[in-house]
Amino acid sequence: MTASTTRRTTAARSRIAAVGAIAVAGALILTGCGDQTDKGSSTPSGKTDNSAPLFSKLPKKIQDAGVIKVGSDTAYAPMEFVDNGKIVGVDPDIADALGKQLGVKFQFTSGTFDGLITSLETGRQDVAISSITDNKKRQEGLDDKGQKIGKGVDFVDYFSSGVSLILKKGNPDNIKSLDDLCGKTVAVQRGTIYEDTFKAQAEKCGDKKLTIEAFDTDAEAQTRVKAGGAVADLNDYPVAAYIAKTSGGGNDFEVGGQQSDVGLFGIAVSKDNAQLRDALKEALDASIKDGSYAKALEKWNVQGSAVQSATINAGK
């Protein structure tokens with residue numbers, strides 16, 4: 001089993017295939033030309049619990065509605081994806097934990113990634129939760145060239161993610177870091193940022209040659225590792241963890257070494273909605289304290305991406 005991964009770890013470090021991938025490299029601040037296009041939704045509105053610990057912290061508009069409307073591009077397992085018509089994943093489960101603290105439901109609507117910020121600006125959605133990397137450009141509304149093109153957004157940072165090695169189960173070659181790949185063969189999807197990472201490592205290896213086999217799809221690279229023809233593949237940490245958990249019933253792969261190129265994912269909120277931003281931060285801290293946040297990460301095998309406390313705009 002493989003997953004769709006056309007985004008999002010750190011600025012300019014997403015998986016961007018040369019052919020057939022969604023072109024997000026030039027949309028780092030997610031300001032699409034149009035509004036979000038619905039593709040389905042989950043987590044329908046429910047009864048408001050005004051006795052919840054942090055209900056009073058919410059804006060009255062959301063208290064009255066009983067829901068926080070969430071924009072999300074649900075094609076990034078295990079973070080957010082559609083299963084049997086329902087939006088599921090790490091982000092929806094974290095949102096459920098926050099909802100228990102706030103006394104309202106998070107109502108996810110699936111749309112295009114490059115329209116998420118626009119959906120906040122138009123009021124179509126209250127927040128965007130879609131494994132969005134928090135960085136200064138997005139905070140300040142700047143494009144890749146540093147030109148101002150929007151107001152920017154605030155982020156409540158809830159997840160830390162980088163890239164990780166995918167190894168054959170049992171790690172027979174005892175690979176613990178990129179440096180351990182020298183003298184060996186690796187497999188990777190052609191045209192991705194992960195191939196660039198392996199090429200940079202090959203330069204470091206020098207005479208102890210690192211052989212890189214590039215394939216049209218990541219599934220092919222995974223197959224090569226599984227067969228023993230290569231010692232490692234590379235992918236975003238949550239995707240690598242999901243592959244390790246699901247492929248062959250968890251018997252094919254494992255995640256190896258420390259994450260590299262680590263960045264923060266944040267819940268995006270309009271800069272005009274500081275009250276909601278601050279309520280979300282309190283709810284995240286409360287869910288970390290009561291263990292529900294950790295439980296959500298454990299369910300999807302991504303405990304390595306836990307944050308110790310909620311932060312606002314901590315991305316670089």
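Definitions and cut-offs
Residues numbered from 1 in each chain as written. Predicted model: local features only at pLDDT ≥ 70, side-chain atom pairs only at ≥ 80, totals over all residues. Heavy atoms only, no water. Pairing = 2+ DSSP bridges. Helix = DSSP H or I, 4+ residues; strand = E, 2+ residues; numbered from the N terminus. Right-handed = clockwise from strand over helix to strand, strands pointing away. Phe/Tyr/Trp six-rings, centres within 6.5 Å; stacked < 30°, edge-to-face > 60°. Buried < 20%, exposed > 50% of the residue type's maximum accessible area, 1.4 Å probe, protein only. Disulfide = S-S within 2.5 Å. Contact = heavy atoms within 4.5 Å. Lys, Arg positive; Asp, Glu negative; His and termini not counted. Salt bridge = Lys/Arg side-chain N within 4 Å of Asp/Glu carboxyl O. Polar contact = N/O pair within 3.5 Å; in protein donor to acceptor, adjacent residues only side chain to side chain.

Enquirer: Give me the lowdown on the pairing of strand β10 (residues 211-215), citing residues and values where you can.
Expert: Bridge count for strand β9 (residues 185-189) against β10 is five bridges, and the pairing is parallel. Residue pairing across strands places glutamine 189 opposite phenylalanine 215, the latter belonging to β10. Assessed by its sense of winding, the connection that carries the chain from β9 through helix α5 (residues 193-205) to β10 is right-handed.

Enquirer: Can you lay out the packing of aromatic side chains for me, pointing to particular residues and giving the numbers?
Expert: Counted according to the given criterion, the structure contains five aromatic pairs. For the ring pair tyrosine 158 and phenylalanine 159, a centre distance of 6.2 Å and an interplane angle of 45° mean the geometry is tilted. The residues tyrosine 158 and phenylalanine 159 share a single accessibility class, namely buried. The interplanar angle of 40° and the centroid separation of 6.5 Å between the aromatic rings of tyrosine 242 and tryptophan 300 together place this pair among those described as tilted. With tyrosine 242 in helix α7 (residues 237-246) and tryptophan 300 in the loop between α9 (292-299) and β13 (311-312), this residue pair connects regions lying 58 residues apart in the sequence. Residue class for tyrosine 242 comes out buried when judged on its relative accessible area of 10%. Since its relative accessible area comes to 11%, tryptophan 300 is described here as buried. Linked through ring pairs, Phe81, Tyr242 and Trp300 together constitute an aromatic cluster.

Enquirer: Requested: an account of the state of the cysteines, with residues and values cited.
Expert: Two cysteines joined by a covalent bond between their sulfur atoms form a disulfide. For the structure on display, the rule yields one disulfide. Two residues share a disulfide in this structure: cysteine 182 and cysteine 205, whose sulfurs sit 2.0 Å from each other. Disulfide cysteine 182 to cysteine 205: torsion about the S-S bond roughly -80°, handedness left-handed. Note that cysteine 182 is positioned in the loop between β8 (153-168) and β9 and cysteine 205 in helix α5, a separation of 23 residues in sequence. Of the two residues, cysteine 182 and cysteine 205, neither departs from the other in class, the shared state being buried.

Enquirer: So, the environment of glycine 256: which residues are in play, and what are the values?
Expert: Within the element layout of this structure, glycine 256 appears in strand β12 (residues 253-270). Taking C-alpha positions, glycine 256 is 9.8 Å from lysine 169, a pair spaced 87 residues apart along the chain. Excluding anything up to four places from it in sequence, glycine 256 contacts Leu165 and Leu167.

Enquirer: I'd like to hear about the side chain of aspartate 157, residue by residue, with values.
Expert: By secondary structure assignment, the location of aspartate 157 is in strand β8. An unpaired buried charge is present at aspartate 157: no salt bridge exists, and lysine 136, the closest side chain of opposite charge, is 8.7 Å distant. One polar contact links the side chain of aspartate 157 to the main-chain amide nitrogen of alanine 314, over a distance of 2.9 Å. Not counting the four nearest positions on each side in its chain, aspartate 157 is found in contact with Asp134, Leu264, Phe265, Gly266, Leu284, Val307, Ala310, Thr311, Ile312, Asn313, Ala314 and Gly315.

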